[in-house]
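As a plain string of letters, each chain reads:
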Amino acid sequence: GEEVAQTPKHLVRGEGQKAKLYCAPIKGHSYVFWYQQVLKNEFKFLISFQNENVFDETGMPKERFSAKCLPNSPCSLEIQATKLEDSAVYFCASSQSPLLAEGPIEQFFGPGTRLTVL
Amino acid sequence: AQKVTQAQTEISVVEKEDVTLDCVYETRDTTYYLFWYKQPPSGELVFLIRRNSFDEQNEISGRYSWNFQKSTSSFNFTITASQVVDSAVYFCALRLYNTDKLIFGTGTRLQVFP
């Protein structure tokens, strides 16, 4: 598609429950990024993919967070045993070629998934 | 370490006023990219501009203009004749040449009153 799509728009989970978020990048974009926005202002990078391969996962709290981008499927971000501090808006972004100086390298963001952990 | 600072937490102006949003960045890299994004109340992030470190030419797009100064590590954003629809949180971001992730500032909330 022409836009990054994210589902669901809102997700409510009780503490300790699992949460799974989905992202469909813009058609033709081979790079996918996940960011967490807490307190409405602070963005934290979580993970990036080049096609189905993890490119950079330095921001992922690995003990409970996992992510995948499989061929012909939306990308997913899963949180096992959610905690109150996981409450945030999770943004997915996609871009064409973030490592090259030539060509557009902007990251285009989806509308976000608001996760509320009670 | 890399860092983006947006010292203005919130700015309020009356419609038709000009307003400048400040962005100061820190990096030791010589090649990098700077971005501005707009986040309206609806929550989505809208890309506004990208600037390469080797291109210091200022840019104007309609009522928007950007002033990139490497000497002061600043990439400021000016809205001329502001409108109510400009009310949003504006984020400045930095990306290094050999990495992919964006490093965001904490944003500036702009409120434009009629």
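**As for the overall build of chain A**
And then number 1: If you tally the helices and strands in chain A, you get 0 helices and 11 strands.
And then number 2: For 118 residues, the compact-globule estimate of 2.2 N^0.38 gives 13 Å, and chain A sits close to it at 14 Å.
And then number 3: Overall size of chain A, expressed as C-alpha extent along the three principal axes, is 45 × 30 × 25 Å.
And then number 4: Within the span of chain A, comprising 118 residues, buried residues form 47% of the whole.
And then number 5: Across chain A, the fraction of contacts at a sequence separation of at least 24, relative to all contacts at a separation of at least 6, is 54%.
And then number 6: Per element, the accessible surface of chain A, about 6000 Å² overall, is 51% carbon and sulfur.
And then number 7: A distance of 8 Å separates the average location of the 12 positive side-chain charges in chain A from that of its 13 negative side-chain charges.

**Regarding unusual backbone geometry**
And then number 1: For the peptide bond that leads from A:Thr7 to A:Pro8, omega is -10 degrees, which places it in the cis range.
And then number 2: Following the sequence through the fold, A:Pro8 ends up in the loop between strand E1 (5–7) and strand E2 (10–13).
And then number 3: For A:Asn51, which is not glycine, the phi dihedral falls at a positive 55 degrees.
And then number 4: Assignment of secondary structure puts A:Asn51 in the loop between strand E5 (42–50) and strand E6 (53–56).
And then number 5: With a relative accessible area of 43%, A:Asn51 lands in the partly exposed category.
And then number 6: Although it is not a glycine, B:Lys16 sits at a positive phi angle of roughly 85 degrees.
And then number 7: In this structure, B:Lys16 sits in the loop between strand E2 (10–14) and strand E3 (19–21).

**Regarding the pattern of salt bridges**
And then number 1: The tally for this structure, following the rule as stated, stands at 8 salt bridges over all chains.
And then number 2: With a closest N to O distance of 3.9 Å, A:Glu78 and A:Lys20 form a salt bridge. One end of the pair, A:Glu78, is in strand E8 (residues 75–79); the other, A:Lys20, is in strand E3 (residues 19–24), with 58 residues separating them in the sequence.
And then number 3: Judged by its relative accessible area of 33%, A:Lys20 falls in the partly exposed class.
And then number 4: We note a salt bridge from A:Glu106 to B:Arg50, for which the minimum N-O separation is 2.9 Å. Of the two residues, A:Glu106 sits in the loop between strand E9 (88–95) and strand E10 (108–109) while B:Arg50 sits in strand E6 (residues 46–52), which places them in two different chains.
And then number 5: Each of the salt bridges in this network shares a partner with another, and the network as a whole consists of A:Lys18, A:Lys20 and A:Glu78.

**Considerations on the interface of chain A and chain B**
And then number 1: Of the residues lining the interface, 25 residues belong to chain A; the matching set on chain B comes to 23 residues.
And then number 2: Contact between chain A and chain B buries roughly 1900 Å² in total, counting both sides, with carbon and sulfur atoms accounting for 56%.
And then number 3: Counting across the interface, chain A meets chain B through 1 salt bridge.
And then number 4: For the pair chain A and chain B, the number of links is 8 residue pairs in polar contact (both at pLDDT 80 or more).
And then number 5: Mapped by element, the contributors of at least two residues to the side of chain A that touches chain B are strand E4 (31–38), E5, E6 and E10 of chain A.
And then number 6: No other element matches the 4 residues that E5(A) contributes to the side of chain A that touches chain B.
And then number 7: Looking at the side of chain A that touches chain B residue by residue, the classes come out as 15 nonpolar, 6 polar and 4 charged.

The rules behind these values
- Residues numbered from 1 in each chain as written.
- Chains lettered and ligands numbered in written order.
- Predicted model: local features only at pLDDT ≥ 70, side-chain atom pairs only at ≥ 80, totals over all residues.
- Heavy atoms only, no water.
- Helix = DSSP H or I, 4+ residues; strand = E, 2+ residues; numbered from the N terminus.
- Rg over C-alpha atoms; globule rule 2.2 N^0.38 Å.
- Buried < 20%, exposed > 50% of the residue type's maximum accessible area, 1.4 Å probe, protein only.
- Contact = heavy atoms within 4.5 Å.
- Areas by Shrake-Rupley, 256 points an atom, 1.4 Å probe, with all protein chains shown as cover.
- Lys, Arg positive; Asp, Glu negative; His and termini not counted.
- Charge placed at Lys NZ, Arg CZ, Asp CG, Glu CD.
- Salt bridge = Lys/Arg side-chain N within 4 Å of Asp/Glu carboxyl O.
- Buried area = accessible area lost by both parts, 1.4 Å probe.
- Polar contact = N/O pair within 3.5 Å; in protein donor to acceptor, adjacent residues only side chain to side chain.
- Nonpolar A, V, L, I, M, F, W, Y, C, P; charged D, E, K, R; others polar.

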